[in-house]
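# Chain and residue survey
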Amino acid sequence: MKVFFRLGLFLIIVLVVQACSTRRLVPEGKYLVNKNRIVIENPTNQKLSFSKSDLTAFSGQRANKQLLGTRFPLWVHYKTISKTDRKFWKWINEKIGKPPIYLDNSLSQAGSDQMGRYLRNLGYFNAEISTKANTSRFKAEVIYTLNPRQPYTIRNFEYAISDTSLANRVRPLQLQSELAPGANYNAYKMDEERDKITDYLKNNGFYAFSRDYIYFEVDSNFKQQVLDVKLLIDSLQTEQGKEAHKIYLINKVTVYPNFVPAQAGQPITDSIKLEFKAGKDRKPYNMHFYSVGNARIRPQTFGQIVQLHEKDPFSLKKLKQTYRGLGNFRIFAITDIDFKTVSLPNADTGLLDVSIKLQRAKVHAYSVEVEGTNSAGDLGLRGSLVYSNKNLFRGAELFRLSLRGGGEAQRLTAVEGSEELASQSDLFNTYEFGVNANLVIPRFLSPIKLRNFVLEYQPKTTFNLGYSSEKRSNYDRFITETTVSYDWMTSPTIHHILTPFNLNSVRVKPSAAFQQILDKEINQRIKDQYSNHLIFGMKYSFIFNNQNINKIKNFSYFRANLESSGNLLSLFNETPLISKQEAYAELLGIRYAQFVRLDFDFRQYFMLTQNNQLVFRTLVGAGLPYGNSADMPFERSFYGGGANGMRGWVFRELGPGSFSGTERVERIGDIQLEGSFEYRFPISGFLKGALFADAGNIWTIKDNSYLPEGKFDLDDFYEELAVDAGFGFRFDFSFFIFRLDAALPLRDPARARGDRWRADVLKIRDVVWNFGIGYPF
């Protein structure tokens, strides 16, 4: 407890010093806005359609920011404002200091007026709002007191559309409307109704339609506080007068695959018209390609991508899909799609000519990267040479070839650091060399034709082939990986990744001395880390992310991964393809792994302010080995500790369960449960801080003599949860975030039952430091 007492005493001293210093610096007669408080009086106890947090954004003045009760940035501003004629002090004042926010009653009243407008838009037309400022010494608290009173409700709501053709099309939308009788008047919901109708019509041919044609008529009964609402759609205004809104059909689609604005007036040197087929009925349609010089891209490339087809009604959704598909073509830097109406006198429908102008990017790119690495505390140096080609086969395929190499000073496990092995004095004890080839094809390549799926979601196909070698004093490890995957988005928030082919081969070549150590080892999981094995299976990932980078609002992230291996190979166990040993089967002389693995990652982000966040994360995972495997492969097992997990423990030094072995081995398990929370806040300029806590552990799925007390037991697993807490610094340079976290292990499941909380014995030397790049989650 001494460390906590000293830390608390230090913070109290800082609080007192800062408070006293700031008070002397505030000018006479000025008051710092310390807090905005909203009080809602609701004498009838009615259910409100808003909350205090909805009104906070309308406060006339923001409160002066504080950190643990101190105003250090404000103090810096006061101390440096008179020295800003010198560059250094000006930089300190602008980057670290924060100017004061003094009480201004006119701004407080403006905030009150904004709250009133917001409440009226929610139907609270008789709301009463008052503003008062309580001042004490040099601080002020602004109090907004409001009584919303009874809101106006909708008595009748109808679509009153004179254009019968248009009315029949949008009539079904009224049944789905939130503007139903009995609902509160809500101007924001009315705007959403306009957007919903507009999107529906623009997806069904009404190219020239806009939300401005939609308006509402509201008839009120002040005595009963009810409203009759009508939704109307104005006719199209033309030079000849008002006309009915018409449907537009796609007439001609022209693609300019190497468009250069400066050469727009030059004659076309190459033109071609191709016929494509779409839909279940394989309806043919044409597409025209015009270029100046060699386009250097195959016209067939655009068949799955361009969704605007001849004779089809205009669709805003298909236009967006076309933009998204062309955006996946890295060969094009700028995409511009223009529409030109074709005049047809007295016609009920209109025609649109479509021009798709594509400006090219550079095809070839090279990069050389050198970086320092930190793998859970193991420092190293890595370099890579990367070549990329954005149009490899003239179909907008993105090809990346990378060569990498590096060294790392990894800590030895108990087995590797045995006295029977010679010590090594080199700076690095691990060297890695590798090559990786990656090919992304922005189309769906499959023997199975899924035309509707392809047109709707435009999946990408990725081929990856990699080879790497890891050289240590005691062994060499060779890894080969080959994957084929598809990824697509079914909505702006949902992303799918399917890897039907995943081959991972690991070969280990131990030295003679190290092999003797392994032969004596009884811990099978340790031996598995240095054994040959093969993973051949498939994987599927589901990702949900509703973050809107343009708005400051709460959002969620969820990822689920399902992976299996060995099931297909097991069907060939009785064939010459598979060789049988006493206890397992091999493919090409390597034992193949057979397992199923499922894990979930859920994160909830609460945006308290623009710069203050409260983040929660939950990790749940389980792996089940069976058939040809007695244990999960080392690289597919779960682990605890490290910079992105249980930060109070070193990477892979937590668990499993209450296992308390003293030898230093990389601890892995079959089950993982972990939860974390982190409060993130600004300190000054690029420097940000975080308070965090983590709880969790890993377990094995069955008893192991070499990992006693490591098995998961539903009855008392909670007794084996580890807990840590700490403080972190984030150096946020926008393009690069460096992180330093200090964590204390508060509860250690490796200790005896009843003695697992360590708060009374913690010391400074127990702090675990974690270095990381980016945020932990």
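Structure's up top.
Now for a description of the structure that goes with this document. (Residues numbered from 1 in each chain as written. Predicted model: local features only at pLDDT ≥ 70, side-chain atom pairs only at ≥ 80, totals over all residues. Heavy atoms only, no water.)

This part covers the overall build of the chain. Counting its regular elements, the chain contains twelve helices and 32 strands. On the principal axes, the C-alpha backbone points of the chain span a range of 95 × 80 × 60 Å. Split into buried and exposed, the 777 residues of the chain put 43% on the buried side. Pairs at least 24 residues apart make up 66% of the contacts formed inside the chain by residues separated by at least 6 positions. Summing over all exposed atoms, the chain offers an accessible surface of approximately 41,500 Å²; the carbon and sulfur share of this is 55%. Between the averaged position of the 100 positive side-chain charges in the chain and that of its 80 negative side-chain charges there is a distance of 6 Å. (Helix = DSSP H or I, 4+ residues; strand = E, 2+ residues; numbered from the N terminus. Buried < 20%, exposed > 50% of the residue type's maximum accessible area, 1.4 Å probe, protein only. Contact = heavy atoms within 4.5 Å. Areas by Shrake-Rupley, 256 points an atom, 1.4 Å probe, with all protein chains shown as cover. Lys, Arg positive; Asp, Glu negative; His and termini not counted. Charge placed at Lys NZ, Arg CZ, Asp CG, Glu CD.)

Side chains of Val368, Val370, Leu381, Leu385, Leu401, Leu403, Val435 and Tyr467 sit close together on the surface and give an oily, nonpolar patch of about 710 Å² of accessible area. When contributions to the nonpolar patch are tallied by element, the ones reaching two or more residues are β14 (364–375), β15 (378–389) and β16 (398–408). Here Leu401 lies in strand β16. (Patch = residues over 30% accessible without salt bridge, like charges linked within 9 Å, V, L, I, M, F, W, Y side chains within 5 Å. Salt bridge = Lys/Arg side-chain N within 4 Å of Asp/Glu carboxyl O.)

This paragraph deals with the environment of Lys318. Summarising the element assignment, Lys318 is placed in helix α8 (residues 316–327). By relative accessible area, Lys318 is classed as partly exposed at 31%. Between the C-alpha atom of Lys318 and that of Val306, which follows or precedes it by twelve residues, the distance is 8.3 Å. Every residue in contact with Lys318, bar those within four places of it in the chain, is listed here: Gln307, Leu308 and Asp312.

Attention now goes to the sheet that holds strand β2 (residues 128–136). Strand order in the open sheet formed by three strands is β1-β3-β2, and the pairing between neighbours is mixed. Each end of this open sheet is capped by a strand with a single partner; those strands are β1 (32–40) and β2. Across this sheet, the average inter-strand angle for adjacent strands is 20°, counted without regard to direction. Two elements, β1 and strand β3 (residues 139–147), share eight bridges in a ladder whose sense is parallel. Each residue of the ladder has a partner; that of Lys35, found in β3, is Glu141. Packed on one face of the sheet, helix α5 (residues 105–121) meets β1, β2 and β3 and runs near 150° to β2. (Pairing = 2+ DSSP bridges. Axes fitted to C-alpha atoms, helices over the stretch in contact; angles between N-to-C directions.)

In total, this model carries 32 salt bridges according to the counting rule given. Residues Glu574 and Lys580 are paired through a salt bridge, measuring 3.7 Å at the closest nitrogen-oxygen approach. A relative accessible area of 70% places Glu574 in the exposed class. Relative accessible area serves as the criterion here: at 48%, Lys580 is assigned to the partly exposed category. Notably, a salt bridge pairs Lys688 with Asp732, separated by 3.8 Å at the nearest N-O pair. In this pair, Lys688 sits in strand β29 (residues 687–699) while Asp732 sits in strand β30 (residues 722–732), placing the two residues 44 residues apart along the sequence. Judged on exposure class, the residue Lys688 and its partner Asp732 are both buried. Overlapping salt bridges, with partners in common, bring together Arg647, Glu678, Arg680, Asp694, Arg730, Arg739 and Asp741 in one network.

It is at 9 Å that the axes of helix α3 (residues 72–80) and helix α4 (residues 87–95) come closest, and there the two elements cross at 150°. Considering the angle they form, α3 stands roughly antiparallel to α4. Handedness of the α3/α4 crossing: left-handed. Residues Val76, His77 and Thr80 of α3 pack against Trp89, Ile92 and Asn93 of α4. The residue makeup of the contact of α3 with α4, split by class, is three nonpolar, three polar and no charged. (Parallel < 35°, antiparallel > 145°, perpendicular 65-115°, else oblique. Left-handed = near helix turned anticlockwise from the far one by under 90°. Nonpolar A, V, L, I, M, F, W, Y, C, P; charged D, E, K, R; others polar.)

Here the focus is the packing of aromatic side chains. Taken as a whole, this structure holds 41 aromatic pairs when the rule is applied. Arranged with centres 5.8 Å apart and planes meeting at 40°, the rings of Tyr118 and Tyr188 form a pair that is tilted. Pair noted here: Tyr118 is in helix α5 and Tyr188 is in helix α7 (residues 187–202), with a separation of 70 residues, a long-range link. Classification of Tyr188 by relative accessible area gives partly exposed; the value is 33%. With 5.7 Å between their ring centres and 25° between their planes, Phe276 and Tyr285 make a pair best called stacked. The class for Tyr285 is buried, based on a relative accessible area of 4%. Connected via pairs of aromatic rings, a cluster forms that spans Tyr207, Tyr248, Phe314 and Phe339. Positioned above the aromatic ring of Trp89, the side-chain terminus of Lys83 is 4.6 Å from the ring centre. We note Arg647 situated over the ring of Phe692; from NZ or CZ to the ring centre the distance is 3.9 Å. (Phe/Tyr/Trp six-rings, centres within 6.5 Å; stacked < 30°, edge-to-face > 60°. Lys NZ or Arg CZ within 6 Å of the ring centre and 35° of its normal.)

As a further point, take the environment of Leu569. Tracing the backbone through its elements, the reader meets Leu569 in helix α12 (residues 567–570). As for Leu569 and Gly265, which are separated by 304 residues in sequence, their C-alpha atoms are 61 Å apart. If we ignore the near neighbours within four places in the chain, the residues touching Leu569 are Leu534, Phe536, Ile578, Leu587 and Tyr592.

Counting residues in hydrophobic clusters, the biggest one holds 31 residues, and the most contacted among them are Met287, Phe302, Phe329, Phe339, Val354 and Ile356. If you list the elements that add at least two residues to this core, you get β9 (247–256), β10 (270–278), β11 (283–291), α8, β12 (332–342) and β13 (349–360). Other than its neighbours up to four places away in sequence, Met287 contacts Val253, Val255, Ile272, Lys273, Leu274, Phe276, Phe302 and Val306. Counting residues in hydrophobic clusters, the runner-up holds 26 residues, among them Ile154, Ile161, Phe206 and Ile214. (Core = buried A, V, L, I, M, F, W, Y, C linked by side-chain atoms within 4.5 Å.)

Further remarks concern the sheet that holds strand β6 (residues 226–233). Taking strand neighbours across the sheet as the criterion, the three strands line up as β4-β6-β5 in an open arrangement whose pairing is mixed. A strand with exactly one partner marks an edge of an open sheet, and here the two such strands are β4 (153–159) and β5 (214–221). Sheet twist, expressed as the mean angle between neighbouring strand axes with direction ignored, is 20°. By the bridge criterion, six bridges tie β4 to β6 in an arrangement that is parallel. If you follow Phe157 over to β6, its bridge partner there is Val229. Packing of helix α6 (residues 164–175) onto the sheet brings it into contact with β4 and β6, and relative to β4 it is tilted by some 145°. Relative to the sheet, α7 contacts β4, β5 and β6, its axis offset from that of β5 by approximately 145°.

Moving on, we get to the environment of Lys527. Along the polypeptide, Lys527 turns up in helix α11 (residues 524–528). For Lys527, a relative accessible area of 27% gives the class partly exposed. With 230 residues separating them in the primary sequence, Lys527 and Trp757 have C-alpha atoms 33 Å apart. Contacts of Lys527, omitting those with residues within four sequence positions, involve Leu518 and Glu521.

Now for the side chain of Arg603. Structurally, Arg603 is set in strand β26 (residues 595–607). Accessibility expressed as a relative area gives 17% for Arg603, which makes it buried. Looking at Arg603, its side chain comes within polar contact range of the side chain of Asp601, at 2.8 Å. The contacts of Arg603, once residues within four sequence positions are left out, are Phe555, Ser556, Tyr557, Phe616, Arg617 and Phe777. (Polar contact = N/O pair within 3.5 Å; in protein donor to acceptor, adjacent residues only side chain to side chain.)

Shape is all these values report; function is a separate question.
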